Amino acid sequence: MNIALLGYGKMGKTIEQIAIKRGHNIVLAVDKDDKDYDITKADVAIDFSIPDVAFNNISNCLNNNVPVISGTTGWLDKYNDAVNLCKEKSGAFIYASNYSLGVNIFFELNKTLAKMMSALKQYNVTMEEIHHTQKLDAPSGTAISLADGIISEHDGFDNWKLDESGVNTIPITAKRIENVPGTHTVNYESEVDTISIEHVAHNRQGFALGAVIAAEWIVNKTGIFTMNDVLNIG
Ligand SMILES: NC(=O)C1=CN([C@@H]2O[C@H](COP(=O)(O)OP(=O)(O)OC[C@H]3O[C@@H](n4cnc5c(N)ncnc54)[C@H](OP(=O)(O)O)[C@@H]3O)[C@@H](O)[C@H]2O)C=CC1
Ligand SMILES: O=C(O)C1=N[C@H](C(=O)O)C[C@H](O)C1
């Protein structure tokens, strides 16, 4: 398969290594200053860039009939526009805040726990995410997905806020510590105890492998998909 990498930073380079090991060719590796490239050389594009450019990268792929996998976080105000463009062009598109198998299992565990805790109003929920110091967005896309999972299953919460608590609000704390690939913790706390679930990424390999698997999966499909479709879970 011929793959275009849109964003050739920490994730782009990790994806390249895994894609080559799985027998694919990297036909484009696009970074900030690369403008006039031909995306149609690729069978599929994988976007791990920056929040300000992700939507343009995705639109360019959809306008040129190239299936696109996006892992960039912090651009979701334009997600519905990407969905509408994908439908209009009969294209293929996946966004996931986290492509690792472990986190996608953790997402399901989080929803199951939230459903169980919904009746137990003596427990307050809090969430913490820790990432490396170069991260541009906060809270992380994964923390937002976890909060959305709780909101969908727990009738005590209908919104989340960064560093703020309030009625029906899930407070999310974002910490930035050098070299941390990504740690997410959900806590339910009562006066007598705490229940915590946590996912700790040890490196970026899990995110990158999931993105390559999603790229292999989406070729020759039409539609807007999620990692639950790719992994057949949820
Ligand atoms: N969904 C998931 O599983 C995961 C998502 N992420 C997300 O992926 C994104 C990238 O992460 P990471 O690789 O660590 O970040 P990096 O900063 O290491 O890489 C981002 C790259 O995008 C480049 N870039 C800037 N402008 C453009 C442009 N116009 N077109 C294409 N590329 C451009 C940057 O170039 P330059 O440095 O020259 O500006 C940089 O090389 C982030 O949003 C992060 O949150 C990360 C890990 C997992
Ligand atoms: O920026 C990162 O590094 C990561 N970003 C994603 C997010 O915002 O959730 C996924 C992972 O946690 C690493």
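Residues numbered from 1 in each chain as written. Chains lettered and ligands numbered in written order. Predicted model: local features only at pLDDT ≥ 70, side-chain atom pairs only at ≥ 80, totals over all residues.

Focus on the sheet that holds strand E5 (residues 92-95)
At step 1: Spatially, E2-E1-E3-E4-E5-E11 is the arrangement adopted by the six strands of the open sheet, whose pairing is parallel. Strands at the two margins of the open sheet, each flanked by one partner only, are strand E2 (25-30) and strand E11 (223-225). Each neighbouring strand pair of the sheet contributes to a mean axis angle of 15 degrees, computed without reference to strand direction.
At step 2: Helix H1 (residues 10-21) contacts strand E1 (2-6), E2 and strand E3 (44-47) of the sheet and is inclined by roughly 170 degrees relative to E2.
At step 3: Of the strands in this sheet, E1, E3, strand E4 (68-70) and E5 are in contact with helix H2 (residues 51-63), which crosses E4 at around 165 degrees. (Pairing = 2+ DSSP bridges. Helix = DSSP H or I, 4+ residues; strand = E, 2+ residues; numbered from the N terminus. Axes fitted to C-alpha atoms, helices over the stretch in contact; angles between N-to-C directions. Contact = placed C-beta atoms within 7 Å.)

Let's talk about the site of ligand 2
At step 1: Surveying the vicinity of ligand 2 reveals the residues Thr73, Ser97, Asn98, His131, Lys135, Ser140, Gly141, Thr142 and Gly182.
At step 2: Residues that form the shell around ligand 2 fall into these classes: no nonpolar, eight polar and one charged.
At step 3: Both domains that furnish three or more residues to the shell around ligand 2 are identified here as domain 1 (2-99 + 205-231) and domain 2 (101-200). (Near = placed C-beta within 6 Å. Nonpolar A, V, L, I, M, F, W, Y, C, P; charged D, E, K, R; others polar. Domains from an automatic or database assignment.)

Some remarks on the nonpolar core
At step 1: Core analysis: the largest hydrophobic core is formed by 41 residues, its most contacted members being Ile46, Ala211 and Ala214.
At step 2: Per-element tally for this core: the top contributor is helix H6 (residues 205-218), with eight residues.
At step 3: Residues within four places of Ala211 in sequence aside, it is in contact with Ile15, Ile46, Ile69, Gly71 and Tyr99.
At step 4: Within the second largest apolar cluster, 16 residues are counted, among which are Val125, Met127, Ile144 and Ala147. (Core = buried A, V, L, I, M, F, W, Y, C linked by C-beta atoms within 7 Å. Buried ≥ 20, exposed ≤ 12 C-beta atoms within 10 Å, placed from the backbone.)

A look at the domain arrangement of the chain
At step 1: Entries for the chain in the domain assignment read domain 1 (2-99 + 205-231) and domain 2 (101-200).
At step 2: Its C-alpha centre places domain 1 at a distance of 26 Å from the equivalent point of domain 2.
At step 3: Counting residues at the interface gives 10 residues for domain 1, matched by 11 residues for domain 2.
At step 4: Those elements giving two or more residues to the side of domain 1 that touches domain 2 turn out to be H6 and helix H7 (227-231).

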